[in-house]
Amino acid sequence: MAISNDKEFKAKLGELSAAQQRQVASRFVHRVFDLSNDVRVKAALEVAGRPEISDAELTVVSQAANTARVESFTQCGRETDWGAQAGHFVAKAAVACVGAASPTLAWEAAMQARMARTCQTVATGEGTENREAEEQYRVLEAFLNQ
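The residue count restarts for each chain, going from 1 along the sequence in the order it is written. pLDDT decides what is reported in this predicted model: residues at 70 or higher carry local features, side-chain atom pairs at 80 or more are listed and counted, and totals for whole chains, interfaces and linings draw on all residues regardless. Side-chain numbers come from the whole structure's heavy atoms, not from hydrogens or water.

Counting residues in hydrophobic clusters, the biggest one holds 43 residues, and the most contacted among them are Phe9, Leu13, Val24 and Phe28. Going through the elements one at a time, helix H1 (6-14), helix H2 (18-30), helix H3 (39-48), helix H4 (55-76), helix H5 (82-98), helix H6 (105-123) and helix H7 (132-145) are the ones with two or more residues in this core. In this text, helices come from DSSP runs of H or I with a minimum length of four residues, and strands from runs of E with a minimum of two, each type numbered from the N-terminal end. Sorting elements by how many residues they give to this core places H5 first, with 10 residues. The contact criterion used is simple: two residues touch if any of their non-hydrogen atoms lie within 4.5 Å. When sequence neighbours within four positions are dropped, the list of residues in contact with Phe28 reads Phe9, Leu13, Ala106, Ala110, Ala113, Gln136, Val139 and Leu140. Residues belong to one nonpolar core when they are buried, are Ala, Val, Leu, Ile, Met, Phe, Trp, Tyr or Cys, and are joined through side-chain atoms within 4.5 Å. Each residue is placed in one exposure class: buried if its accessible area under a 1.4 Å probe, protein chains only, is under 20% of its type's maximum, exposed if it is over 50%, and partly exposed if it falls in between.

Looking now at the packing of aromatic side chains. Each aromatic ring pair is summarised here by two numbers: the centre-to-centre distance and the angle between the ring planes. Aromatic contacts are taken between Phe, Tyr and Trp rings whose centres are within 6.5 Å, Trp giving its six-membered ring; a plane angle under 30 degrees counts as stacked, one over 60 as edge-to-face, and the others as tilted. This structure, assessed with the given rule, holds 3 aromatic pairs. On the basis of an interplanar angle of 45° and a centroid distance of 5.6 Å, the ring pair of Phe9 and Phe28 is categorised as tilted. Taken together, the residues span a long stretch of sequence, with Phe9 in helix H1 and Phe28 in helix H2 at a distance of 19 residues. Classification of Phe9 by relative accessible area gives buried; the value is 0%. For Phe28, a relative accessible area of 0% puts it in the buried group. Ring geometry for Phe9 against Tyr137: centres 5.3 Å apart, planes inclined by 55°, an arrangement best described as tilted. Here the residue Phe9 occupies a position in helix H1, and Tyr137 occupies one in helix H7, the gap between them amounting to 128 residues. The exposure classification of Phe9 matches that of Tyr137, with both residues buried. Members of the aromatic cluster, connected to one another through ring pairs, are Phe9, Phe28, Trp107 and Tyr137.

The quantities given are spatial measurements derived from coordinates; they are silent on function.
Right, dumping it as structure tokens:
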């Protein structure tokens, strides 16, 4: 069954274990990582993408990703820099990937990744329309079919 809307998408994500949610969430964030390029975010995504990770590893990369999130927020400035804002949302998505396990971990990462892509399209003058949700549906389908 092809996922065609957010209701189906969220339901499928909710069926995954915390480890699986981390893995698929890291794939969502990898799609927008080029909007950040922060090594702490990259490290968080690499850890989140592995099937077996320790609590200690999660703690270390979660703290680093959160620091990246805080620093990226301060870079946005009062005169919103949409490019910097995109990087901030990528960092927030990475924090969701390696944060405390929750039934909405992957959903939170997906929403932050979508916000990053929206900021990018605004920054480039393309408006707010983008296809990130549909791409996330395909990423989840591929993950479920592997």
